[in-house]
Amino acid sequence: AFVALLSNSGAAVGLVVSAMVPSVNAALSIVPGLIMPQLILCGLFIKIDLLPQPFQAISYLVIVRYALQGVMTNEFVCDTKAECVPEHFRTVSGAACATSPCDFCCDDHEVQVSAGVCPILTCDEALRSLSLDRDTIWPSADTSSGTVALNALALLTLLVFFRLVGMVALVVAYRRASKRG
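In this text the structure is predicted, and so the values were computed from the model without any measurement.

The rules behind these values
Residues numbered from 1 in each chain as written. Predicted model: local features only at pLDDT ≥ 70, side-chain atom pairs only at ≥ 80, totals over all residues. Heavy atoms only, no water. Core = buried A, V, L, I, M, F, W, Y, C linked by side-chain atoms within 4.5 Å. Buried < 20%, exposed > 50% of the residue type's maximum accessible area, 1.4 Å probe, protein only. Helix = DSSP H or I, 4+ residues; strand = E, 2+ residues; numbered from the N terminus. Contact = heavy atoms within 4.5 Å. Expected span 1.5 Å × (residues − 1). Salt bridge = Lys/Arg side-chain N within 4 Å of Asp/Glu carboxyl O. Disulfide = S-S within 2.5 Å. Polar contact = N/O pair within 3.5 Å; in protein donor to acceptor, adjacent residues only side chain to side chain.

A.B. asks: How would you sum up the nonpolar core? Please name residues and give values.
C.D. replies: Buried together is how nonpolar side chains tend to be arranged in soluble globular proteins. Core analysis: the largest hydrophobic core is formed by 14 residues, its most contacted members being Ile63, Tyr66, Leu155, Leu158 and Phe162. Listing elements by their share of this core, those giving two or more residues are helix H1 (2-20), helix H4 (63-75) and helix H8 (144-180). Top element by residues in this core is H8. It accounts for six residues. Ignoring anything within four residues of it in the chain, the contact list for tyrosine 66 reads Phe2, Tyr60, Trp138, Pro139, Asn151, Ala154, Leu155 and Leu158. Judged by nonpolar contacts, the second largest core, of 13 residues, contains Ile48, Leu51, Ala126 and Leu127.

Written as structure tokens, this is what we have:
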């Protein structure tokens, strides 16, 4: 669902660009200038909290932000067993992982490069390490499925917004062309 929403939202942005520029060459030169900021402002490479304030506000209009948050929250949904006490299993690795009740387990090399400790054992820790836990992202809900649904709704809202902007841009371009010719 997120891939479909993301691709349709990207197409809507493409519609806006193509309706506002006079030629294909102009559109092709503008698009990279729209894609790179989306990747920078979505929170994948730079945490949104670390961005200067104007860019934090702009990140709410970035389509990729909601797709990333929704997909990652959906991917790291699991019921951690009560027996998984991270303090007891941080040093378990390799063949001993078969006895670990935790969601994740590090291999010997990962434990060695992490100073003898496995940094991620649960889905919540995986999301926290990516700065995508419920305390960090917006929109978020009390449950993972609620957070996924809210991010899908945000993507759908941006899809409709950019489609409407594209439609208005096409009407304006049509009226300009009609007056000329």
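A.B. asks: Lay out H1 with the relevant residues and their values.
C.D. replies: Taking 1.5 Å per residue, 19 residues should reach 27 Å; H1 reaches 27 Å between its end C-alpha atoms and fits that length. Within H1, burial applies to Phe2, Leu5, Ser9, Ala12, Val13, Val16, Val17 and Ala19.

A.B. asks: Now, about the pattern of salt bridges: what can you tell me, with residues and values included?
C.D. replies: Evaluation of the coordinates by the stated rule reveals one salt bridge. The shortest N-O distance in the salt bridge between glutamate 125 and arginine 90 comes to 2.5 Å. Of this pair, glutamate 125 sits in helix H7 (residues 123-129) while arginine 90 sits in the loop between helix H5 (86-89) and helix H6 (108-113), and the two are 35 residues apart along the sequence. Across the pair, arginine 90 and glutamate 125 agree in class, each one buried.

A.B. asks: Could you give an account of the state of the cysteines, naming the residues involved and the relevant values?
C.D. replies: Scanning all chains against the criterion turns up four disulfides. Across a sulfur-sulfur distance of 2.0 Å, cysteine 84 and cysteine 102 are joined as a disulfide pair. For the disulfide bridge between cysteine 84 and cysteine 102, the dihedral angle about the S-S bond is near 100 degrees, and by the sign convention the bridge is right-handed. Taken as a pair, cysteine 84 in the loop between H4 and H5 and cysteine 102 in the loop between H5 and H6 lie far apart in primary sequence, 18 residues in all.

A.B. asks: Explain helix H2 (residues 24-41) to me, using residue names and the numbers behind them.
C.D. replies: With 18 residues, H2 should reach 26 Å at 1.5 Å per residue; the first-to-last C-alpha distance of 26 Å fits that figure. Along H2, the positions that sit buried rather than exposed are Ala26, Ala27, Gln38 and Leu41. At its buried positions, H2 is contacted by H1, helix H3 (53-58) and H4. Positive phi shows up at glycine 43, right after H2, with a value of about 100 degrees.

A.B. asks: A description of the environment of glycine 14 should follow, citing residues and the corresponding values.
C.D. replies: For glycine 14, the location among the structural elements is in helix H1. Residues glycine 14 and glycine 166 lie 152 residues apart in sequence; the distance between their C-alpha atoms is 8.5 Å.

A.B. asks: How would you summarise the side chain of glutamine 69 if you had to cite specific residues and measurements?
C.D. replies: Tracing the backbone through its elements, the reader meets glutamine 69 in helix H4. Residue glutamine 69 is classed as buried on the basis of its relative accessible area of 1%. Looking at glutamine 69, its side chain comes within polar contact range of the side chain of asparagine 151, at 2.7 Å. When residues no more than four places from it in sequence are discounted, the contact partners of glutamine 69 are Leu132, Ile137, Trp138, Pro139 and Asn151.

A.B. asks: Please give an account of the environment of leucine 121 that cites residues and values.
C.D. replies: Summarising the element assignment, leucine 121 is placed in the loop between H6 and H7. Its relative accessible area of 0% is what places leucine 121 among the buried residues. A C-alpha to C-alpha distance of 5.8 Å links leucine 121 and aspartate 103, two positions 18 residues apart in sequence. In this structure leucine 121 touches Pro86, Phe89, Arg90, Cys102, Asp103 and Phe104, once residues within four positions along its chain are discounted.

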